[in-house]
Amino acid sequence: MNLRHIAATVALAVGFTLAATLAFPQTQPPTQGPAVGPTPAWVLQGSFPDPGGRTIVEPGGRVTIPARGAAPGRGAAGGRGGGAARGGAALSTPGCNHSPLCGNRFGPSRQALQRVTWKQALGYTFSYPYVLPPGFGGVPAVALDSKGNLWVFQRADQGKPQLFKFDPNNKLILQIGEDVIGYQDKAHGMAVDAEDNVWICSANGATVMKLNPEGKLLLTIGEKGHRGDWNEAKGQRLLWQPLMVAFGRSGDVYIGEGHSNESPNDTDSDDPANVSGAARVVHLDKNGKFINQWYGNDVGQGKFSMVHGLAVDPTNGDVWIGDREEYRIVVYSSDGKFLKTMQMRNLVCAIYFDSHSQPWMASGQDGQFLKMDREGHILGAIGNGMGIGEGQFIEASYWVMDKQDNLYAGDTSVGRVTKMTAPKR
C-alpha cells in the first residue's frame, strides 16, 4: 500500500469517527440532583482558591486574604499540603513523587473541580466566638473535653504557640508552645480521651503526643523527624506520617498513618527503618503496648491509600477509615479484619460519631459536615461549601460535637473556629 492509499484510509477513518461523534453526542454529567428519600438534594459548586493559612480573621469571623509579603494580622501557616513551609522552618520531608498516588500533574487543578454540595435542611446557624492570637496558620483540628473546654490545634508560625484551650465561656485560658511540645510540623489531627488527656499528631514530625488536661506532656510516640515503620520485634516504634488518633471502648489507641498524595515515596527507601511506604493503622492498648497493625495502599475492597479520617463506632468497636483522595470509607473490626467499603461522593476528610452514636463525615475541600447512616447514605448537611464566607470552609476537617448536637470546627487553611448551633427542639 503506497502513501496515497494510507492517507486516504486514515482520512476515511477520521471521517467515520467524526460522523459517529456527531451522530452520538456524549451525554453531559448532571450538575444537580433531587432529594431521594432521606437523602437531600445536591448541586455542583465551584472551588475557591486555597489561601494556605495566609488569612487574617477578625473578631466575629470575617476573613480577608492579605497580599503576599504582608505582615500577619489576627487569626490564621499551612493549608492541606502545608507544613511550616507556610510560616516556620519545616523538617526535611520530601513531597510525593514517582507514585500514582501523587496524582496527575497534567490533569485539571483542584481549583477547577466542581464539588458536590448538599442542600442544608438541618437548621444550624454559624457563629465565631473563639478568638485566636494574631498570626497566620490554619486550624486543622479541635476537640472538646468533658468539662466543655475546647482545644484548638493550629499550624502557627514556628516560635508561636500551636495548642490552645478555651473555657466554656469561650475565654482563652491556656497556650502551649514549643517549650512543651516542640514545633508541630504539619499539625494534623487531635482527640481527647476518656480521662480528658489531649492527643496531637504531627504529620511531618512523625510523632503523636499525649498531654494531661493542664498541658503537661505525658507521652511521645514515635521519634521526632524520623518517619518509619513500627517493628515490635526489633523494638522499633516509629510512625509514618501520623494523621489522626481514635480510642476504642476499652481505651485502646488507634493511630492512622499515611497521607497518600502528600506522602513521600518511601517504599524500599535507603533507611532500613522506613521501607513500607504504605498507609496503615497501628493499634495500641491504653498503656501504649503494641497490639497489631494493618496496611492499605492499594485498590479494591478493604484497601486504602491514606488514613485521613479515623473514628471508632461506639456501638460495636469497628474502626472507620476515611480514605480522602479515594472518596471512600473503609470499615474494619476492632482487631483489623476488613468488613466493608463505602464509596462516597465527597472527600472523606474526617469521621465522627456523635453522642447518639450517629456517624458523620467532614467533606474536606467540599466544605460541609455530613450526617449519614451506616451504609454511607447522606441524611443531612451543614456548611455552605468551599470558601471564606459565613458557614464556609476551605477545608472542613477534624471537628467535634457536644451533647446538645452543636458542632465546633476549625479550617485547615483558615485560622478561625466555627460554632454551628443546632436549632432548638
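Fair warning: this is a prediction, and the values are worked out from it, not measured in the lab. (Residues numbered from 1 in each chain as written. Predicted model: local features only at pLDDT ≥ 70, side-chain atom pairs only at ≥ 80, totals over all residues. Heavy atoms only, no water.)

### Let's talk about the overall build of the chain
So, point 1. In terms of helices and strands, the chain carries two helices and 31 strands.
So, point 2. Taken across its 425 residues, the chain has 54% of its residues classed as buried. (Helix = DSSP H or I, 4+ residues; strand = E, 2+ residues; numbered from the N terminus. Buried < 20%, exposed > 50% of the residue type's maximum accessible area, 1.4 Å probe, protein only.)

### Observations regarding the pairing of strand β12 (residues 198–202)
So, point 1. Within β12, five of the five residues are buried, which leaves the element mostly enclosed by the surrounding structure.
So, point 2. Here β12 shows a buried face lined by V198, I200 and S202 and a second buried face lined by W199 and C201.
So, point 3. Two elements, strand β11 (residues 187–192) and β12, share four bridges in a ladder whose sense is antiparallel. Residue pairing across strands places A191 opposite W199, the latter belonging to β12.
So, point 4. Taking the residues that link successive antiparallel strands as the turn, the β11-β12 hairpin has five residues, and the phi of D196 there is positive, at about 70°.
So, point 5. Here five bridges tie β12 to strand β13 (residues 207–211), and the two strands are oriented antiparallel to one another. Residue pairing across strands places S202 opposite T207, the latter belonging to β13.
So, point 6. Counting the residues in the hairpin turn of β12 and β13 gives four residues, including A206, whose phi is positive at 65°. (Pairing = 2+ DSSP bridges.)

### Some thoughts on the pattern of salt bridges
So, point 1. Applying the stated criterion across every chain yields a total of 14 salt bridges.
So, point 2. Across the salt bridge formed by D229 and R280, the nearest N and O atoms sit 2.9 Å from each other. One end of the pair, D229, is in the loop between β14 (217–221) and β15 (230–231); the other, R280, is in strand β19 (residues 280–284), and 51 residues separate them in sequence.
So, point 3. Between D313 and R374 there is a salt bridge, with the nearest N and O atoms lying 3.0 Å from each other. Residue D313 is found in the loop between β21 (309–312) and β22 (319–323), and its partner R374 is found in the loop between β27 (369–372) and β28 (378–382); the two are separated by 61 residues along the sequence.
So, point 4. Overlapping salt bridges, with partners in common, bring together K186, E262, R324, E325 and E395 in one network. (Salt bridge = Lys/Arg side-chain N within 4 Å of Asp/Glu carboxyl O.)

### Some words on the confidence of the model for the chain
So, point 1. Here the chain averages 90 in pLDDT, and 88% of its residues register 70 or above.
So, point 2. At the low end of the mean pLDDT range in the chain sits helix α1 (residues 3–23), at 44; at the high end sits strand β8 (residues 150–153), at 99.
So, point 3. Of the regions scoring below 50 in pLDDT, residues 1–24 engages in two contacts with residues more than four places distant in sequence or in other chains.
So, point 4. Under a pLDDT of 50 for its full length, residues 74–78 has, in the predicted model, 48 contacts with residues more than four places off or in other chains. (pLDDT = per-residue confidence, 0-100. Contact = heavy atoms within 4.5 Å.)

### Some thoughts on the side chain of H259
So, point 1. Checked against the element boundaries, H259 lands in the loop between β18 (253–257) and β19.
So, point 2. Only 3.1 Å separates the side chain of H259 from the side chain of H188, close enough to count as a polar contact. (Polar contact = N/O pair within 3.5 Å; in protein donor to acceptor, adjacent residues only side chain to side chain.)

### Let's talk about the nonpolar core
So, point 1. Grouped together as the largest cluster of nonpolar side chains are 73 residues, with contacts concentrated most on L150 and W399.
So, point 2. If one sorts the elements of this core by residue count, strand β17 (residues 242–247) sits on top with five residues.
So, point 3. Those residues in contact with W399 that sit more than four places away from it in its chain are V142, A350, I351, Y352, W360, M361, A362, F369, L407, Y408 and A409.
So, point 4. By size, the runner-up hydrophobic cluster in this structure holds 17 residues, among which are W118, A311, W320 and M344. (Core = buried A, V, L, I, M, F, W, Y, C linked by side-chain atoms within 4.5 Å.)

### A word on the packing of aromatic side chains
Two numbers describe a pair of aromatic rings. These are the distance of the centres and the angle of the planes.
So, point 1. Applying the stated criterion to the full structure yields twelve aromatic pairs.
So, point 2. On the numbers, 5.3 Å between centres and 35° between planes, the contact of W294 with Y332 is tilted. Residue W294 is found in strand β20 (residues 290–295), and its partner Y332 is found in strand β23 (residues 328–332); the two are separated by 38 residues along the sequence.
So, point 3. Ring geometry for F304 against Y332: centres 6.0 Å apart, planes inclined by 90°, an arrangement best described as edge-to-face. Taken together, the residues span a long stretch of sequence, with F304 in the loop between β20 and β21 and Y332 in strand β23 at a distance of 28 residues.
So, point 4. Judged by its relative accessible area of 0%, F304 falls in the buried class.
So, point 5. The exposure class assigned to Y332 is buried, which follows from its relative accessible area of 4%. (Phe/Tyr/Trp six-rings, centres within 6.5 Å; stacked < 30°, edge-to-face > 60°.)

### Observations regarding the sheet that holds β8
So, point 1. Read from one edge to the other, the open sheet built from four strands follows the order β7-β8-β9-β10, with strand pairing classed as antiparallel. The open sheet is flanked by β7 (141–144) and β10 (172–176), the only strands paired with a single partner. The mean inter-strand angle of the sheet, taken between neighbouring strand axes irrespective of direction, is 20°.
So, point 2. In this sheet, β10 lies alongside strand β9 (residues 163–166) in antiparallel orientation, the contact comprising four bridges. Bridging from a neighbouring strand, F166 pairs with L172 of β10. (Axes fitted to C-alpha atoms, helices over the stretch in contact; angles between N-to-C directions.)

### A closer look at the sheet that holds strand β29 (residues 399–401)
Strand pairing in a sheet relies on backbone hydrogen bonds, with the paired strands running either antiparallel or parallel.
So, point 1. Read from one edge to the other, the open sheet built from four strands follows the order β6-β31-β30-β29, with strand pairing classed as antiparallel. Because the sheet does not close on itself, it has two edges, and the strands there are β6 (125–127) and β29. Looking at each pair of strands side by side, their axes are set apart by 20° on average, direction ignored.
So, point 2. By the bridge criterion, four bridges tie strand β30 (residues 407–411) to strand β31 (residues 414–421) in an arrangement that is antiparallel. In the sheet register, Y408 faces β31, and the bridge partner there is K419.

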